[in-house]
Amino acid sequence: MSDVSSARSVNTAAEGAEDPDLALARGGDGGAFTRLVEPLRRELHAHCYRMLGSTHDADDALQDALLRAWRGLARFEGRGSLRSWLYTVATRTCLDSVEARGRRALPVDLGPSSDRAVVGDAPLVDVAWLGPYADAGLGDGPLAPDARYEQREAVELAFVAALHHLPGNQRAALLLFEVLGFSAAEIATMMDTSTTSVNSALARARRIVAEKVPSRTQQRTLREAGDTRVREIVAGFCTALERGDAGAMVALLTEDVTWSMPPLASWYHGLEAVADFAVRVPLTGCGSWRHLPTSANGQPAVSCYLWNDDAGAYLAWSINVLTLRGERIAEITSFLGPDHFTPFGLPASLP
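Since we're looking at a predicted model, the values are computed, not measured.

Cut-offs used in this document
- Residues numbered from 1 in each chain as written.
- Predicted model: local features only at pLDDT ≥ 70, side-chain atom pairs only at ≥ 80, totals over all residues.
- Heavy atoms only, no water.
- Salt bridge = Lys/Arg side-chain N within 4 Å of Asp/Glu carboxyl O.
- Helix = DSSP H or I, 4+ residues; strand = E, 2+ residues; numbered from the N terminus.
- Buried < 20%, exposed > 50% of the residue type's maximum accessible area, 1.4 Å probe, protein only.
- Contact = heavy atoms within 4.5 Å.
- Core = buried A, V, L, I, M, F, W, Y, C linked by side-chain atoms within 4.5 Å.
- Axes fitted to C-alpha atoms, helices over the stretch in contact; angles between N-to-C directions.
- Parallel < 35°, antiparallel > 145°, perpendicular 65-115°, else oblique.
- Nonpolar A, V, L, I, M, F, W, Y, C, P; charged D, E, K, R; others polar.
- Pairing = 2+ DSSP bridges.

## Thoughts on the pattern of salt bridges
Here comes step 1: Going through the model one piece at a time under the given rule, you end up with 18 salt bridges.
Here comes step 2: Residue glutamate 43 is joined to arginine 83 by a salt bridge in which the shortest nitrogen-to-oxygen separation is 3.0 Å. Of this pair, glutamate 43 sits in helix H4 (residues 41-52) while arginine 83 sits in helix H6 (residues 82-101); the two residues are 40 residues apart in sequence, bridging distant segments of the chain.
Here comes step 3: Accessibility expressed as a relative area gives 4% for arginine 83, which makes it buried.
Here comes step 4: With a shortest N-O distance of 3.1 Å, aspartate 140 and arginine 152 are connected by a salt bridge. Of this pair, aspartate 140 sits in the loop between H6 and helix H7 (157-163) while arginine 152 sits in the loop between H6 and H7; the two residues are twelve residues apart in sequence, bridging distant segments of the chain.
Here comes step 5: Look at arginine 152 and you get buried, because its relative accessible area is 16%.

## Looking at the side chain of threonine 258
Here comes step 1: Among the structural elements, threonine 258 can be located in strand S1 (residues 253-260).
Here comes step 2: Leave out the neighbours within four places in its chain, and threonine 258 touches Trp267, Tyr268, His269, Val274, Ala330, Glu331 and Ile332.

## Observations concerning the nonpolar core
Here comes step 1: By size, the foremost hydrophobic cluster in this structure holds 75 residues, and its most contacted members are Trp85, Leu86, Phe159 and Leu174.
Here comes step 2: In terms of residues, this core owes the most to one element, H6, which gives eight residues.
Here comes step 3: Excluding its chain neighbours within four sequence positions, the residues that come into contact with tryptophan 85 are Ala69, Gly72, Leu73 and Phe76.
Here comes step 4: By size, the runner-up hydrophobic cluster in this structure holds 34 residues, among which are Ala225, Val234, Leu253 and Trp259.

## Quick look at the packing of helix H8 (residues 168-179) against helix H10 (residues 195-212)
Here comes step 1: One way to put it is that H8 packs onto H10 with a least axis distance of 9 Å and a crossing angle of 90°. Classed by the angle they form, the pair H8 and H10 counts as roughly perpendicular. Residues Asn169, Gln170, Ala173, Leu174, Phe177 and Glu178 of H8 pack against Ala201, Leu202, Arg204, Ala205, Arg206 and Val209 of H10.
Here comes step 2: Residue composition of the contact of H8 with H10, by class: seven nonpolar, two polar and three charged.

## Here's the deal with the pairing of strand S5 (residues 313-325)
Here comes step 1: Burial of S5 is extensive: ten of the 13 residues sit out of reach of the surface.
Here comes step 2: Of the pairings in the sheet, the one linking strand S4 (residues 299-308) to S5 comprises eight bridges and is antiparallel in character. Note on S5: the bridge partner recorded for leucine 306 is leucine 315.
Here comes step 3: In this structure, the hairpin formed by S4 and S5 is closed by a connection of four residues, where glycine 312 is found at a positive phi of approximately 65°.
Here comes step 4: In this sheet, strand S7 (residues 349-350) lies alongside S5 in antiparallel orientation, the contact comprising two bridges. In the sheet register, leucine 315 faces S7, and the bridge partner there is serine 349.
Here comes step 5: Between the antiparallel neighbours S5 and strand S6 (residues 328-336) lie two residues, among them glycine 326 with a positive phi of about 65°.

Next comes the structure, spelled out in structure tokens:
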């Protein structure tokens, strides 16, 4: 069954008090509530990630939202679908978090690029950094017939980063309308505002996103390149790092390539600067690498493990999300830290 058909089935089954699990859940049956929300959990989690830019924050927000929904289930009168009501609860939960924590950033948002490798750069711990998203389980098509974005398009790094240049209400309105296919009138009810305010928020949000997101999505680029070529690019990236082969690395990159490494503030733009960083730091200055291919934010990614003498093993180091243009790498975003590995189901070390 397609994702759209599945969502429609959930909506149909969950509408109205005659649904047996809904009646049981209202009566305090936790198992019935779990059965109602489980088919929607993955898409609700992705929504929370888009809103908050962090898998860990999305985990917390979804848990909080489902707890709010469970406690407030008596207020769900069944006039609309359970799905729309749960999105209302999740969106309002995320908006509370946005108000408390602010937006998330990438190094490119904080300052100009560095012309030469910065060695010994210290992590910035006072910045809320955008994080990668484990996209296993996301479908390929839209979540609703009226949605503009495919599910994987809506977690691509450029799109999520652009969302975090928007105030919370604009971010929520854009996601509910463009990604989830709700109408402006439905969104007005969900956000407790007017349809005019929703349309105004949508207009402002679209302008910002259009300025910051390439017209060609990664999904389109990946389809045009083909699975075989994408695997070759990923394998070439891994091999170049493991062998310390600067020439092989440079051959994979576009002339205007960027490389950033949150939580480090320094980032690099252009083949000369990126090559200088690559040669001085990961290719020769870090030690021995091992890699596992993965997927993040709807894009090819590589999990990097760095040899540690004390542990006698390769330890989780970074999730590297690759953004392609044509058949070359235009952006490398290396999310440093072993805490990123668990949501991907990746091991903490390699022998």
